[in-house]
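Commentary on secondary and tertiary structure
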Amino acid sequence: MKEVRTRFAPSPTGFMHLGGLRTALYNYLFAKKMGGKFILRIEDTDQERFVEGATEVIYDTLRGCGMNWDEGPDIGGDYGPYIQSERKSLYLPYAQQLVKSGHAYYCFCTREELDGRRAAAEAKGEVFKYDKHCLHLSPEEIQAKLDAGVPYVIRQNAPTEGESSYDDLVFGHMSFPNDTLDDMVLIKQDGMPTYNFANVIDDHLMGITHVMRGLEYLSSTPKYNLLYEAFGWEVPQYIHLPTVMRDATHKLSKRDGDAYYSDYVDKGYLTEALINYLALVGWNPGDDREFFTMDELIDVFDVHRLNKAPGIFDVDKLTWFNHHYICQMDFERYLELVTPWFDKVLAGKNIDYRRLAQLMQERTEVFNRVPDMVRFLAELPDYDVELYTHKKMKTNPDVARTALNLMKPVLEGVEDWNETTLHDTVMAAIADAGMKNGAVLWPLRIAISGQQNTPGGAIEIAWLLGKEETLRRVDDGLKRLENA
Ligand code: GLU
């Protein structure tokens with residue numbers, strides 16, 4: 001069997017859309033599963049849309065996600081160059097070959113002429129399709145215009161009768177009446193190929209066996225196949241992928257900050273969680289297993305299990321995966337990753353990050369939620385004394401007043417401020433006073449944190465805050481309770 005060669009062919013826009021990342025992932029998984037090659041090609045023929053640094057975004061994202069390409073712009077390969085703008089001179093001769101064989105023709109129509117004809121067609125309620133006007137120019141007319149340097153494009157000469165069909169691995173048998181195909185531009189006035197032309201030439205020259213890409217190309221594919229046939233080239237296998245959506249009716253959107261890979265990285269999602277989840281948006285392993293490393297994905301990946309229905313990217317589900325990966329993570333790595341998030345609110349506050357990280361790891365679902373969860377350590381939030389009421393702990397503001405009055409001298413008396421001493425001293429004092437643990441520890445926790453949910457309990461927080469700050473907060477609590 002021929003070696004499988006897939007390619008990811010992004011346009012350098014400066015951002016990696018999740019749909020694009022998933023396309024890259026499936027291409028990668030399939031190539032690796034089949035023992036084939038995964039090729040990276042940069043499609044930058046649209047020079048107007050040039051974005052500085054955009055190819056680096058593509059490299060960094062793919063590498064960061066663990067998708068290393070076998071051939072590509074930066075590492076080379078036998079079929080380079082892998083950047084379309086560097087292949088510029090290669091396309092025109094192919095287009096000229098099609099002109100000779102009658103599958104394409106020069107078109108000298110100006111934009112104004114085309115706009116006029118489009119407006120006229122639309123006024124009649126018709127869909128405008130290029131009317132093959134220039135196909136009917138005589139060879140002499142064409143030559144004269146070329147000699148005079150009249151700007152031109154080269155268009156495909158699509159058939160107007162019959163139908164074109166192909167088999168897509170996901171969508172099955174696709175068939176389109178030829179009279180719906182327009183004579184698409186192959187070479188633009190600036191001499192650059194269109195995507196529509198370059199993808200065919202490059203996929204052929206690069207020996208691509210399977211073209212896996214977004215659904216938006218499903219209906220132009222018959223036109224590409226006509227080009228392959230005109231050249232006498234073998235048509236690749238097509239695998240079109242349904243769109244990744246936020247829900248049944250909404251696309252992921254740039255404005256809502258949920259469309260790009262970088263949006264998720266910035267929020268503190270882990271790449272491994274994202275890749276794991278993304279793999280399952282549009283594909284399933286055939287059983288209910290959910291957690292996969294990249295190698296495991298390669299192992300189980302099967303193109304026949306790609307879904308036809310749009311993939312719903314559910315952020316809550318991603319968060320669930322993320323939490324799982326954070327809990328599983330080596331502590332030292334967690335500490336390293338969480339430190340900048342602590343710094344956002346605790347920098348310079350003399351809080352022991354290592355201890356805090358131990359308390360936080362299992363509670364961290366997404367890193368961007370961390371600052372709000374630990375901010376109370378930097379500054380006691382304003383809170384309502386009603387927080388002291390807790391049925392199960394059997395406390396209310398009155399009980400809390402007693403509890404804090406009990407704790408104040410006990411804490412003042414602790415010489416060696418460490419968790420063990422604190423714990424033993426506090427527990428002994430509670431027992432001596434004949435109170436219930438919860439009835440003292442709950443109020444103490446509220447007083448020193450100002451909130452009901454905290455990483456760790458009263459003892460851990462007291463240790464993190466240090467003696468002075470703990471006592472200051474206990475005093476603050478007593479004052480609030482006096483006024484209650
Ligand atoms: N450059 C195209 C895009 O970014 C690639 C489509 C394809 O994979 O053929 O949409």
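Everything here concerns the structure above.
An account of the accompanying structure is given in this report. (Residues numbered from 1 in each chain as written. Predicted model: local features only at pLDDT ≥ 70, side-chain atom pairs only at ≥ 80, totals over all residues. Heavy atoms only, no water.)

Re the overall build of the protein
Selection criterion: Secondary structure counts use DSSP, requiring at least four H or I residues in a row for a helix and at least two E residues in a row for a strand, with both numbered from the N terminus. Both definitions apply: the radius of gyration is a C-alpha atom measure, and the globule rule equals 2.2 Å times residues to the power 0.38. Only protein chains enter the area calculation, which uses a 1.4 Å probe; residues under 20% of their type maximum are buried, those over 50% are exposed, and those in between are partly exposed.
A tally of helices and strands in the protein yields 19 helices and 11 strands. Its C-alpha atoms give the protein a radius of gyration of 32 Å, clearly above 23 Å, the size a compact globule of 484 residues would have. C-alpha extents for the protein along the principal axes are approximately 110 × 50 × 35 Å. In the protein, which comprises 484 residues, the proportion classed as buried is 48%.

What about the site of the ligand?
Definition in use: Only a single heavy atom is needed: when it lies within 4 Å of a molecule or strand, its residue is near that molecule or strand. Counting of polar contacts relies on pairs of N or O atoms within 3.5 Å, with two restrictions inside protein: one atom must be capable of donating a hydrogen and the other of accepting it, and residues adjacent in sequence are counted only when both atoms are side-chain atoms. Per-residue and other accessible areas follow the Shrake-Rupley method at a 1.4 Å probe size, with only the shown protein chains counted as cover for residues. When residue character is reported, Ala, Val, Leu, Ile, Met, Phe, Trp, Tyr, Cys and Pro are called nonpolar, Asp, Glu, Lys and Arg charged, and the others, Gly included, polar.
Arg 7, Ala 9, Pro 10, Ser 11, Glu 43, Tyr 195, Arg 213 and Tyr 217 make up every residue found near the ligand. At 2.7 Å from an oxygen atom of the ligand is found a side-chain nitrogen or oxygen belonging to Tyr 217. Alone, the ligand offers 300 Å² of accessible surface; in the complex the protein occludes 81% of this. Of the residues contributing to the shell around the ligand, the split by class is four nonpolar, one polar and three charged.

Side note on the side chain of Asp 202
Tracing the backbone shows Asp 202 in helix α6 (residues 195-205). In terms of polar contacts, Asp 202 uses its side chain to reach the side chain of Gln 84, at 2.8 Å.

Details of helix α3 (residues 88-101)
Residues spaced three or four apart along an α-helix point in a common direction, a consequence of the helix completing one turn every 3.6 residues. What counts here: The directions from the helix axis to the C-beta atoms are what the arc is built from. Any pair of residues with heavy atoms lying within 4.5 Å of one another is described as a contacting pair.
Burial in α3 covers these residues: Tyr 91, Ala 95 and Leu 98. The buried side chains of α3 occupy one side of the element, clustering within an arc of 55 degrees when seen end-on. Residues Ser 89 and Lys 100 are exposed on α3 and point more than 90 degrees away from its buried face. If you follow the buried residues of α3, they end up packed against β3 (104-107), β4 (153-156), β7 (185-187), α6 and α7 (221-231).

Some points on the environment of Val 374
Within the secondary structure, Val 374 is located in helix α14 (residues 370-378). Considered as a pair, Val 374 and Trp 341 are 33 residues apart in the sequence and their alpha carbons are 9.5 Å apart. Residues contacting Val 374, with those up to four places away along its chain left out, are Phe 342, Val 345, Leu 346, Leu 356 and Met 360.

Comments concerning the nonpolar core
Inclusion rule: Here, the term nonpolar core denotes a set of buried Ala, Val, Leu, Ile, Met, Phe, Trp, Tyr and Cys residues that are joined through side-chain atoms within 4.5 Å.
Core analysis: the biggest nonpolar cluster contains 148 residues, and Leu 62, Met 67, Phe 197, Phe 313, Phe 342, Leu 346 and Leu 377 have the highest contact counts within it. At nine residues, the largest contribution of residues to this core is made by helix α1 (residues 18-33). In this view, Leu 377 contacts Leu 346, Ile 351, Leu 356, Ile 461, Leu 464, Leu 465 and Arg 473; residues no more than four positions away in its chain are not counted.

Digging into the pairing of strand β1 (residues 5-8)
Let me state the cut-off plainly: Handedness is read with the strands pointing away from the viewer; a crossover is right-handed when the path from the first strand over the helix to the second is clockwise.
Side-chain alternation along β1 places Arg 5 and Arg 7 on one buried face and Thr 6 and Phe 8 on a second face that is also buried. With α1 bridging β1 and its parallel neighbour strand β2 (residues 37-40), the resulting β-α-β unit is right-handed.

Some thoughts on the environment of Asn 368
Counting through the fold element by element, Asn 368 comes out in the loop between α13 (353-360) and α14. Here Asn 368 falls in the partly exposed class, since its relative accessible area comes to 32%. Linking Asn 368 and Tyr 264, residues 104 residues apart in sequence, is a C-alpha distance of 10.0 Å. Once residues lying within four places of it in the same chain are set aside, the contact partners of Asn 368 are Lys 267 and Trp 341.

Section: helix α9 (residues 271-280)
Most of α9 is tucked away: eight of the 10 residues are buried. Among all positions of α9, only Thr 271, Ala 273, Leu 274, Ile 275, Asn 276, Tyr 277, Leu 278 and Ala 279 are buried. Buried-residue contacts for α9 involve α1, α2 (54-64), α8 (261-267), α10 (294-300), β11 (311-312) and α11 (315-328). Just beyond α9, the residue with positive phi is Gly 282, at close to 115 degrees.

What about the pattern of salt bridges?
Selection rule: Salt bridge, as applied in this entry: a Lys or Arg side-chain nitrogen positioned within 4 Å of an Asp or Glu carboxyl oxygen.
Inspection of every chain in the model, using the stated rule, returns 30 salt bridges. Residue Lys 2 is joined to Glu 234 by a salt bridge in which the shortest nitrogen-to-oxygen separation is 3.4 Å. Placement of the pair is Lys 2 in the segment before β1 and Glu 234 in the loop between α7 and β9 (237-241), with a sequence separation of 232 residues. Here the two residues Lys 2 and Glu 234 agree in accessibility, since each one is exposed.

Focus: unusual backbone geometry
Omega for the bond connecting Gly 80 with Pro 81 falls within 30 degrees of zero, at -5 degrees, which places this linkage in the cis form. Mapped onto the elements of the fold, Pro 81 is located in the loop between α2 and α3. Of note, the phi angle at Asn 350 is positive, near 60 degrees, even though the residue is not glycine. Relative to the assigned elements, Asn 350 resides in the loop between α12 (331-346) and α13.

Considerations on the packing of aromatic side chains
Convention followed: Two aromatic rings, drawn from Phe, Tyr or Trp (for Trp, its six-membered ring), form a pair once their centres lie within 6.5 Å of each other, and the interplanar angle then sorts them: stacked below 30 degrees, edge-to-face above 60, tilted otherwise. Lysine and arginine charges are scored as sitting over a ring when NZ or CZ, respectively, is within 6 Å of the ring centre and within 35 degrees of the ring normal.
Counting across every chain of the model gives 27 aromatic pairs. Seen from their ring centres, Tyr 106 and Tyr 152 are 5.0 Å apart, and the 85 degrees between their planes marks the pair as edge-to-face. Here the residue Tyr 106 occupies a position in strand β3, and Tyr 152 occupies one in the loop between α5 (139-147) and β4, the gap between them amounting to 46 residues. What makes Tyr 106 buried here is its relative accessible area of 12%. Owing to a relative accessible area of 22%, Tyr 152 belongs among the partly exposed residues under this scheme. Taking the centre distance of 6.2 Å and the plane angle of 65 degrees together, the rings of Phe 108 and Tyr 152 count as edge-to-face. With Phe 108 in the loop between β3 and α4 (111-123) and Tyr 152 in the loop between α5 and β4, this pair connects stretches of sequence that are 44 residues apart. Cluster of aromatic residues (ring-pair linked, three or more members): Tyr 264, Tyr 269, Tyr 277, Phe 291, Phe 313, Trp 320, Phe 321 and Tyr 325. Its end group placed over the ring of Trp 320, Lys 317 keeps NZ or CZ at 5.1 Å from the ring centre.

Let's talk about the side chain of Arg 87
Its place among the elements puts Arg 87 in the loop between α2 and α3. We classify Arg 87 as buried; its relative accessible area is 2%. Within the local environment of Arg 87, its side chain forms a polar contact with the backbone oxygen of Pro 81, the two atoms lying 2.7 Å apart. Non-local contacts of Arg 87, meaning those with residues more than four positions away in its chain, are made with Tyr 79, Gly 80, Pro 81, Asp 202, Leu 205 and Met 206.

Re the pairing of β4
Convention followed: By definition, two strands form a pair when at least two bridges between them are found by DSSP.
The side-chain alternation of β4 yields two buried faces, one formed by Val 153 and Arg 155 and the other by Ile 154 and Gln 156. Here β3 runs beside β4; their pairing, made up of four bridges, is antiparallel. Bridging across to β4, Ala 104 finds its partner in Gln 156. Across two bridges, the pairing between β4 and β7 is antiparallel. The partner of Arg 155 across the bridge, within β7, is Val 185.

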